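Below, each chain spelled out in residue letters.
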Amino acid sequence: MEKAAKPQVRTLLLTDLVDSTQLVERIGDAAAAALFRSHDRIVLELQQRWRGRLIDRSDGLLLLFERPIDGLGFALDYARGLRDLGREQNLKQVLQVRAGLHVGEVLEWENSPDAVQLGAKPLEVEGLAKPLAARLMALARPGQILLSATAEPLAHRAARELGERGELLVWKSYGRWRFKGLPEAQEIHEVGEPGLAPLRMPAHSPKAWRDLPLWRRPVALAAEALMAAGLAFGVWFLAHPQPAIAFAERDWVVVGDLRNLTGDARLDESLEQAFRISLEQSHYVNVLSDLKMRETLGNMQRKADSPVDRALGSEIALRDGARALLLPTVAEVGGRLRVSAEVVDPRTQTTVYAVMADGRGVESALGSIDKVTDQLRGKLGEALQNVQKTSVPLPNVATPSLDALKAFAVARSIVNTSGDREQALGLYQRALRLDPGFALAHADMARLHASLGEVARAKEEWGKALEQPQRLSPQERQMVELMLVQNGPPATYFRKAEEYLALYPDDYRVISRLATNQWHQNNDFRAAETLIRRVLKPQYERAAVSRYALGTFLLGLEKYDAALVEFRASKAAGYAAGGENFSRAYELRGEMEQADKIFFSSALGRDGWKKDSGVATWMLRGQWPRATETASAWADQAASAGDVIETLRARAAIASVAVLSGQGDADLAVQALQAAVEARGAEADALYPPISTELRLYAGLLAACRSERAGVDAALRRTQGSAVVRDFPTVNQLQQVLLAEQERLAGQPQAALARLQPLARQDTALVAVHWALLRAAQAAGTAEVARQQAQWLATHRGRSVTESTTSDVLRFFNAGITGRTLPAGATK
């Protein structure tokens, strides 16, 4: 036999057909033979589908795959196929499989033909990865697919390749397990389909058991106490068992208000904030945010500043799905400053254990907090190596100045409550005067500016924060780097966001922002929907906003009823700002009265249909004079406010109404748009780089609507070689639309067809792509293509009204062409 030259990294899948021996005994040899022939056909088909190699078989299978997602796809289809096979054969026993999936190094070699002739397998596989996959399979419950910590993230990241089914999968973590014969504990995960997989923790066995910390193993804990204190104390201890919390990686904790028993007011807000900052460095423990706690207090009809003590903190934890409540305290004990923290089981409000650290003087407080949080992380189950690796001393990641920290903490509190911009900025600036190197204060100021739409100031503050990377935690540094690229090329942002989420998978703010950018910058409604569903968790303070976003994405996928469910849930949860897309779901069905009612009841619609939403509405309804009036009023208001981007967008709206209505002086309106872009485009680009390029191309699109080749040529010439066209997907698509229109107007509709058809087959194609393809097909005389595109436009009105590109001016074009396909009554 010939061995492989070196080990190869492969995905191993081991499966076992549950109770196969009893099945054969019950149905008989003949029926079993027929059943297993059908079984083998399923296996062969799935091997081909998922590119697997069958290495061995008996009551189970051993297969090799190049990628974990292929192994997972095989396992999921195999489980479903067995269930269906049992139903087809009218078996009383449900056919189930248990499976283990692992990625690791294996040695492969082929046996000689003589050995195969004597009964050996053609291909042999050995290596340490094989016994681990076997142990995962043996541990699995019937119907369960268990994955190693190596396989799970690789499969999870590629789950979109499974299509819609991948979006419905449930992924669960069961913590660290010990296997007999393996020296190291292993992280265990499950993935499965609801209704088919058990989706619950595997059962312990003599060969596999959870690797629990000492405080969660009462028997071991009692034995230690017995040896240390003698038989009498041991008996007492066994009679009074220690409480425990079932805490797993990425579980959540609530941090209660810090009790300051020293009388030193500097320690009130400052140490509480320091405790959070220190604990939030963990990849293992998730900390419920201040904003979420305030939101939950509001839902409980309690004041936002209610002291979060043992009782109230426990109720918050139970409501929001947190496993533990942490109660920090600072006090003077024996002339020393003691920082301590209790870990409380919210179900019983019992203290599970407490940790503490002492120091001399107030200056020791920050160092003591670091020691306390490190102890907490270890006791909650985080590996010591990870604690040491990710813990950066508080004076480094925050500030050594307690006065600066207090100003910072009060500023954060103001941002989270009143939102008083000037007061918060004043306090942040005071913190920076006390400690000019306080990078986290710069990062917080940047967030405040960004939330107020002050893009340039936000970018400046993020830059200042990054000038001192050693004064930021690894997570905060990576976050600042991510924010600095959010307005640049989308591919760069998406790459850095994925890198960030690989380390911090429960940062719902980043996931939510990534979902919005997939919609806004990639026009990818499916990806946006998948991402936003990940943040619909009780621990996220913006779940109501996220439900509204989900409704928008579903509307863009033409799932009107599902969208309405999410819009209503968002409103019921207290989100009052949104209203336009909620109203569109009714408008597209011709329910105009209900659409207006929904919009006017929102914060955005209290003054009626105004600005861009008003222009789009009147265009959708074919009320062109009102659209013109609204666009002009918007332009005047934006100019008075000195808002360059809104001024340019309003100019685009005026030109759109003039061109698409056929009323007014379209030439003059388009020229005014072009002049405005030339005059102020650079100023707008300083805030958001793709603005002027998209607006120039949009002016060309309006020229194409009128079949004015000179306007199309000018727009393409003016944007030729632009990095924005290269880097921003929707702008690139708009350029392709103009190139196709240029070809059509030059008498080359077949060239336009060849350019646009590959684009139109993609889910992310702009509405304008389908519109231009329809025109090219009509010009080329290809009736079937023209019919298909006309049908697409008629059946994708949800996409038309929710599509949102860089400058968001295509909404006016979409509204103009969509208004012609609305149902009867919609334009009344």
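1. Some words on the overall build of the chain
- The helix and strand tally for the chain stands at 40 helices and 16 strands.
- Computed over its C-alpha atoms, the radius of gyration of the chain comes to 31 Å, within 12% of the 28 Å expected for a compact globule of 828 residues.
- Projected onto its principal axes, the C-alpha coordinates of the chain cover approximately 100 × 85 × 55 Å.
- Of all 828 residues assigned to the chain, the portion counted as buried reaches 54%.
- The contacts of the chain with a sequence gap of at least 6 include a subset with a gap of at least 24, amounting to 65%.
- Carbon and sulfur atoms make up 51% of the accessible area of the chain, which amounts to about 36,200 Å² in all.

2. What about the packing of helix 20 (residues 474-484) against helix 22 (residues 508-522)?
- The geometry of helix 20 relative to helix 22 is characterised by a closest axis approach of 13 Å and an angle of 15° between their N-to-C directions. In terms of orientation, helix 20 and helix 22 fall into the roughly parallel class. Both helix 20 and helix 22 take part in a crossing whose hand is left-handed. In contact with Met479, Leu482 and Met483 of helix 20, helix 22 contributes Arg509, Val510 and Arg513.
- A breakdown of the residues in the contact of helix 20 with helix 22 according to their chemical character gives four nonpolar, no polar and two charged.

3. Some remarks on unusual backbone geometry
- Unlike most non-glycine residues, arginine 51 shows phi in positive territory, near 60°.
- By secondary structure assignment, the location of arginine 51 is in the loop between helix 2 (29-50) and strand 3 (53-57).
- Of note in this structure, glutamine 301 is not a glycine but carries a positive phi near 60°.
- Looking at the element boundaries, glutamine 301 is found in the loop between helix 11 (290-299) and helix 12 (310-320).

4. A look at the pairing of strand 14 (residues 324-333)
- Strand 14 sits mainly inside the fold: eight of its ten residues count as buried.
- In terms of strand pairing, strand 11 (residues 252-255) meets strand 14 through three bridges, oriented parallel. Looking at strand 14, one finds that valine 255 is bridged to leucine 326.
- Here two bridges tie strand 12 (residues 259-260) to strand 14, and the two strands are oriented parallel to one another. Bridge pairing in strand 14 links arginine 259 to threonine 329.

5. Points about helix 27 (residues 592-600)
- Every buried residue of helix 27 is listed here: Met592, Ala595, Asp596, Ile598 and Phe599. Buried residues along helix 27 cover an arc of 160° about the axis, so they all sit on one side. Turned more than 90 degrees away from the buried face of helix 27, the exposed residues are Glu593 and Lys597.
- Buried positions along helix 27 lie against helix 25 (560-572), helix 26 (580-587) and helix 28 (611-620).

6. Here we look at the pairing of strand 7 (residues 145-148)
- Every second residue of strand 7 is oriented toward a common face, with Ile145 and Leu147 on one face and Leu146 and Ser148 on the other, all of them buried.
- When strand 5 (residues 97-110) meets strand 7, the two strands line up parallel, connected through three bridges. Each residue of the ladder has a partner; that of glycine 100, found in strand 7, is leucine 146.
- Note: strand 7 against strand 9 (residues 186-192), three bridges, orientation antiparallel. The residue of strand 9 that forms the bridge with leucine 146 is glutamate 190.

7. A few points about the packing of aromatic side chains
- According to the stated counting rule, one finds 20 aromatic pairs in the structure shown.
- Seen in terms of ring centroids, phenylalanine 65 and phenylalanine 74 are 5.8 Å apart; in terms of plane orientation they differ by 55°. Their pairing is tilted.
- Among the residues examined, phenylalanine 74 registers a relative accessible area of 0% and is labelled buried.
- When the ring of tyrosine 688 is compared with that of phenylalanine 728, the centres are 6.5 Å apart and the planes differ by 80°; the resulting orientation is edge-to-face. Linking tyrosine 688 in the loop between helix 31 (666-687) and helix 32 (691-705) with phenylalanine 728 in the loop between helix 34 (723-727) and helix 35 (729-745), this pair joins segments that are 40 residues apart in sequence.

8. So, helix 35
- For helix 35, with 17 residues, the first-to-last C-alpha span of 24 Å sits near the 24 Å given by 1.5 Å per residue.
- Taking burial as the measure, the 17 residues of helix 35 include 13 buried ones, the bulk of the element.
- Once helix 35 ends, the next one or two residues include glycine 747, with phi positive near 80°.

9. Topic: the environment of phenylalanine 247
- Mapped onto the elements of the fold, phenylalanine 247 is located in the loop between helix 9 (231-239) and strand 11.
- C-alpha separation for the pair phenylalanine 247 and glycine 381, spaced 134 residues apart in sequence, amounts to 7.4 Å.

10. Here's the deal with the pattern of salt bridges
- With the rule as written, the count across this model stands at 64 salt bridges.
- Here aspartate 667 ties to arginine 706 by a salt bridge, and the two come within 2.6 Å at their closest N and O atoms. With aspartate 667 in helix 31 and arginine 706 in the loop between helix 32 and helix 33 (709-719), the pair connects residues that are 39 residues apart, well separated along the chain.
- Here aspartate 667 falls in the partly exposed class, since its relative accessible area comes to 36%.
- As a salt-bridge pair, arginine 755 and glutamate 743 come within 2.8 Å of each other at their nearest N and O atoms. With arginine 755 in helix 36 (residues 749-760) and glutamate 743 in helix 35, the pair connects residues that are twelve residues apart, well separated along the chain.
- A residue is classified by how much of its surface remains accessible, and arginine 755, at 27% relative accessible area, is partly exposed.
- Taken together, the salt bridges that share partners define one network made up of Glu580, Arg584, Glu587, Asp596, Asp612, Arg621, Glu646, Arg649, Asp808 and Arg811.

11. A closer look at the packing of helix 32 against helix 35
- Across the interface, helix 32 lies against helix 35 with an axial gap of 10 Å and an inter-helix angle of 30°. It follows that helix 32 is roughly parallel to helix 35 by the angle criterion. As for the relative orientation of helix 32 and helix 35, their crossing is left-handed in sense. Taking contact as the criterion, the partners of Thr693, Glu694, Leu697, Tyr698, Gly700, Leu701 and Ala704 in helix 32 are, on helix 35, Val731, Leu734, Gln735, Val737, Leu738, Glu741 and Arg744.
- Of the residues belonging to the contact of helix 32 with helix 35, the class tally is eight nonpolar, three polar and three charged.

12. Details of the environment of isoleucine 42
- Position of isoleucine 42 relative to the elements: it lies in helix 2.
- Classification of isoleucine 42 by relative accessible area gives buried; the value is 18%.
- Those residues in contact with isoleucine 42 that sit more than four places away from it in its chain are Gly81 and Leu85.

13. Concerning the confidence of the model for the chain
- Within the chain, residue pLDDT values average 88, and 93% of them lie at 70 or more.
- Confidence over residues 219-243 falls short of pLDDT 50; this stretch has 20 contacts with residues more than four positions distant or in other chains.
- In this model, residues 822-828 is a region of pLDDT below 50 whose contacts with residues beyond four sequence positions or in other chains number 20 contacts.

14. Thoughts on the side chain of serine 602
- Within the secondary structure, serine 602 is located in the loop between helix 27 and helix 28.
- Of the polar contacts made by the side chain of serine 602, one reaches the backbone oxygen of phenylalanine 599; its length is 2.6 Å.
- Leave out the neighbours within four places in its chain, and serine 602 touches Ala576, Ala577, Gly578 and Gly579.

15. Describing the environment of valine 333
- Here valine 333 lies in strand 14.
- Measuring from C-alpha to C-alpha, the distance between valine 333 and proline 689 comes to 58 Å, with 356 residues separating the pair along the chain.

Reading the values: rules and limits
- Residues numbered from 1 in each chain as written.
- Predicted model: local features only at pLDDT ≥ 70, side-chain atom pairs only at ≥ 80, totals over all residues.
- Heavy atoms only, no water.
- Helix = DSSP H or I, 4+ residues; strand = E, 2+ residues; numbered from the N terminus.
- Rg over C-alpha atoms; globule rule 2.2 N^0.38 Å.
- Buried < 20%, exposed > 50% of the residue type's maximum accessible area, 1.4 Å probe, protein only.
- Contact = heavy atoms within 4.5 Å.
- Areas by Shrake-Rupley, 256 points an atom, 1.4 Å probe, with all protein chains shown as cover.
- Axes fitted to C-alpha atoms, helices over the stretch in contact; angles between N-to-C directions.
- Parallel < 35°, antiparallel > 145°, perpendicular 65-115°, else oblique.
- Left-handed = near helix turned anticlockwise from the far one by under 90°.
- Nonpolar A, V, L, I, M, F, W, Y, C, P; charged D, E, K, R; others polar.
- Pairing = 2+ DSSP bridges.
- Arc of directions from axis to C-beta.
- Phe/Tyr/Trp six-rings, centres within 6.5 Å; stacked < 30°, edge-to-face > 60°.
- Expected span 1.5 Å × (residues − 1).
- Salt bridge = Lys/Arg side-chain N within 4 Å of Asp/Glu carboxyl O.
- pLDDT = per-residue confidence, 0-100.
- Polar contact = N/O pair within 3.5 Å; in protein donor to acceptor, adjacent residues only side chain to side chain.

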